[in-house]
Amino acid sequence: MVTAAQRSLAQVGGAAAAEVALDVARGRLTARRRAAVPVSEWAAEHMRTEKGEHLDFERFPHMRQPMDDRAVEKGLMCGSQVGKTTVALADVYHFCDTNRVRVIYTMHTQTAVYDFSRTRAKPAIEASPHLAELLRGTIDSAEVKVFRHAEGGSSVVFFRGGQASSAAISEPADMLVHDEVDFSRPDILSLYKSRLAASVHGRRLCVGTPTIPGFGMAALWSESSQSEWMVRCPTCHDERPLTWPESIALDAPEPIYVCARGHELTRATICAGRWVDTVTEGRPTWRMYHFGRMLHPLWSAARVAAAFGEAEYTDFPELFFNQILGLPKSSGTLGITEEIMVRALVGFPALERSEQPTWAGCDQSNAEDRHRVLIGMDDADGGAAYVHMEVCGWDRLADLMHLFNIERLVIDALPETSKARELQKQFPGRVYLAYYPNMPMKKPTHEGIFTVDRKKNADLVNIDRTASLDVSARRVRAGQDSFCALPAELRKTLITEMCNMARGVETDAHGQPRAFWQNTGPDHFRHAHNYATVARALYQTWAQGPQYVSIPLDGGEREVTDEETGRTHVIRPGYIPMPEGVVGAPKPLDW
């Protein structure tokens with residue numbers, strides 16, 4: 001077997017060749033000459049899997065070019081379990097072995113960092129004599145790996161969780177790697193980018209499984225070269241990437257991969273493909289590669305087809321596109337589109353004041369005078385008519401409370417909680433501070449989407465983010481919510497921000513599918529509308545007045561839930577509780 005070192009020797013001559021030969025005899029190449037070796041060849045010689053095996057580029061030829069590509073901004077948009085992290089680590093380890101650099105490698109959680117270090121990184125490094133020597137002393141460290149060069153000096157890799165601390169963000173770097181971008185903080189790329197300011201390398205690498213269109217990996221893909229693995233049919237010479245379901249003959253006795261004209265594509269034919277940039281005009285910002293499980297040698301056409309029929313992917317087809325195909329996919333049945341919003345903007349005149357009671361939602365902005373407000377009232381058909389919308393500051397918001405006789409306002413509690421509390425004190429019992437709890441909520445008591453909390457001398461609502469956004473989206477899509485006529489600029493802002501959220505599905509820590517909503521741009525009015533939906537439910541409870549429950553006196557104890565507080569009370573007809581200190585057994589009343 002010809003090693004990478006010997007290939008490097010063949011590329012030089014004369015005295016330089018003799019010097020390289022001496023390095024080879026000593027069992028090493030200098031960092032400068034190792035840099036001349038393609039990453040994939042370096043990885044084939046020096047990297048191992050966590051099982052101690054060599055990387056197999058004969059079966060995974062599509063992984064060579066993404067490794068070897070030294071683009072300053074590079075990305076891999078892939079399915080799950082297809083080797084994307086291996087490609088990223090090969091690039092990082094080679095970069096650190098051949099330069100004196102600092103690399104920050106982020107994962108979506110700190111737990112993921114520790115799990116990766118223990119189950120994948122450590123056994124793979126220990127199985128490689130070269131890496132074990134380079135990283136001696138830091139193999140067991142989960143967060144820091146130090147590459148000590150024989151020629152002197154070192155390189156450092158910092159592994160960080162996606163929830164970046166100020167200390168982590170202050171580290172200077174020559175290369176940033178973001179693993180699973182869609183599951184990290186949405187601002188992860190911008191948070192760390194400034195760390196490259198003083199570097200002559202300034203490299204960025206993003207890898208991950210996409211979730212929804214227009215977000216994370218999918219957003220980067222739209223600005224990239226969009227490189228696809230093209231497979232050429234040996235029969236008709238048609239060349240194109242493997243796609244679902246066009247590239248699989250699902251009606252065959254056993255599904256097979258086929259070209260556009262129906263000729264069979266064997267695994268050998270697929271492996272003989274090549275990378276082609278599908279976007280060449282306009283100088284794309286990112287160099288990105290896409291591959292899913294169809295390129296994996298263990299995933300035959302029959303296995304892909306069978307996966308599509310599994311219950312998990314039948315119930316949640318988005319996961320099939322994300323995990324198997326490496327493509328973004330949203331839950332289109334609940335998304336709000338521009339067409340839907342145009343239909344909802346029926347154009348009745350906006351009100352400037354109202355003597356009738358109203359309800360409203362407000363989403364705070366970081367800018368003091370840019371809060372989004374939606375004010376509504378019930379229409380004749382029982383729907384919600386939004387009669388006034390504007391972008392305003394705190395003083396104007398207080399004026400709107402008076403002008404529109406707002407009986408229930410639900411306002412985002414963050415970021416200016418103190419300002420929101422001041423407004424609440426001005427209008428006691430009418431203003432509710434809204435939170436989206438990070439932890440899973442107990443069963444919400446109001447409309448199945450929120451609970452009211454009055455334990456802290458303040459009216460708070462804890463809102464189930466996904467469930468409430470589902471409900472408010474359904475209302476708009478079903479035509480239950482309508483909007484008044486607006487000035488052109490405000491109308492444009494409303495439509496844009498109402499449409500800037502997409503619904504996707506991910507798997508939680510227990511492997512169970514879980515729906516989520518993710519913004520794909522500014523979404524302030526979308527949340528203001530969501531808060532207004534909650535405010536309407538609160539208003540209707542208030543407007544109905546006290547609710548009386550008839551309890552049969554001969555049916556034993558009953559449980560009654562207070563809809564305002566969510567507390568459950570046990571009612572025992574005929575039983576009078578005995579105060580503490582009173583002697584004697586309680587007696588049932590004689591009805």
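Placed above this text is the structure.
Residues numbered from 1 in each chain as written. Predicted model: local features only at pLDDT ≥ 70, side-chain atom pairs only at ≥ 80, totals over all residues. Heavy atoms only, no water.

Some remarks on the packing of helix α4 (residues 39–46) against helix α6 (residues 84–98)
- Where α4 meets α6, the closest approach of the two axes is 10 Å, and the angle between their N-to-C directions is 90°. One way to sum up the angle between α4 and α6 is to call them roughly perpendicular. Within the contact between the two elements, α4 uses V39, W42 and A43 and α6 uses A90, D91, Y93, H94 and D97.
- For the contact of α4 with α6, the residue count by class is five nonpolar, one polar and two charged. (Axes fitted to C-alpha atoms, helices over the stretch in contact; angles between N-to-C directions. Helix = DSSP H or I, 4+ residues; strand = E, 2+ residues; numbered from the N terminus. Parallel < 35°, antiparallel > 145°, perpendicular 65-115°, else oblique. Contact = heavy atoms within 4.5 Å. Nonpolar A, V, L, I, M, F, W, Y, C, P; charged D, E, K, R; others polar.)

What to know about the packing of aromatic side chains
- Summed over all chains, the structure comprises 15 aromatic pairs.
- An angle of 40° between the planes, with centres 5.9 Å apart, marks the rings of F116 and F159 as tilted. Separated by 43 residues along the polypeptide, F116 in helix α7 (residues 110–126) and F159 in strand β4 (residues 154–160) bring together distant segments of the chain. F159 carries the same exposure label as F116, and that label is buried.
- When the ring of Y539 is compared with that of W542, the centres are 5.6 Å apart and the planes differ by 40°; the resulting orientation is tilted. You can see Y539 and its partner W542 sitting in helix α21 (residues 524–543), three residues apart, about one turn around the helix.
- Using a relative accessible area of 14% as the deciding quantity, one classes Y539 as buried.
- You can call W542 partly exposed: its relative accessible area is 38%.
- Joined through ring pairs, the aromatic side chains of W244, F308, Y313, F320 and F321 make up one cluster.
- The lysine or arginine in question, R303, covers the ring of W299, its NZ or CZ lying 4.0 Å from the ring centre.
- In this arrangement the basic side chain of R465 is found over the ring face of Y436, its NZ or CZ atom lying 5.7 Å from the centre. (Phe/Tyr/Trp six-rings, centres within 6.5 Å; stacked < 30°, edge-to-face > 60°. Buried < 20%, exposed > 50% of the residue type's maximum accessible area, 1.4 Å probe, protein only. Lys NZ or Arg CZ within 6 Å of the ring centre and 35° of its normal.)

Description of the sheet that holds strand β20 (residues 481–483)
- If you trace the eight strands from one edge of the open sheet to the other, you get β18-β19-β17-β16-β13-β14-β15-β20, paired in mixed fashion. The sheet is open, and its two borders are formed by β18 (450–453) and β20, each paired with just one other strand. In this sheet, adjacent strand axes meet at a mean angle of 25° when their direction is disregarded.
- Contacts between helix α17 (residues 394–403) and the sheet are confined to β13 (358–363), β14 (371–378), β15 (384–392), β16 (406–412) and β17 (431–435), with β15 contributing the most and set at about 150° to the helix.
- Of the strands in this sheet, β14, β15 and β20 touch helix α20 (residues 488–499), which is tilted by about 105° from β15. (Pairing = 2+ DSSP bridges.)

Points about α20
- Here α20 spans 17 Å end to end across 12 residues, near enough to the 16 Å set by a 1.5 Å rise per residue.
- Taken together, the buried positions of α20 are occupied by L490, L494, I495, E497, M498 and C499. (Expected span 1.5 Å × (residues − 1).)

Some details on unusual backbone geometry
- Of the consecutive residues W244 and P245, the connecting peptide bond is found in the cis state with omega at -5°.
- Inspection of the secondary structure assignment puts P245 in the loop between β8 (239–240) and β9 (248–249).
- In this chain, L414 is followed by P415 through a cis amide linkage whose omega measures 5°.
- Here P415 shows up in the loop between β16 and α18 (417–426).
- Located in the positive-phi region is R283, a residue other than glycine, with phi close to 50°.
- Counting through the fold element by element, R283 comes out in the loop between β11 (274–277) and β12 (287–291).
- The exposed category is assigned to R283, whose relative accessible area is 78%.

Side note on the environment of A385
- One can find A385 in strand β15.
- Sequence separation of A385 and C484 is 99 residues, and the distance between their C-alpha atoms is 7.6 Å.
- Sequence-distant contacts of A385, that is, excluding residues within four places in its chain, are made with F348, I375, G376, M377, D379 and S482.

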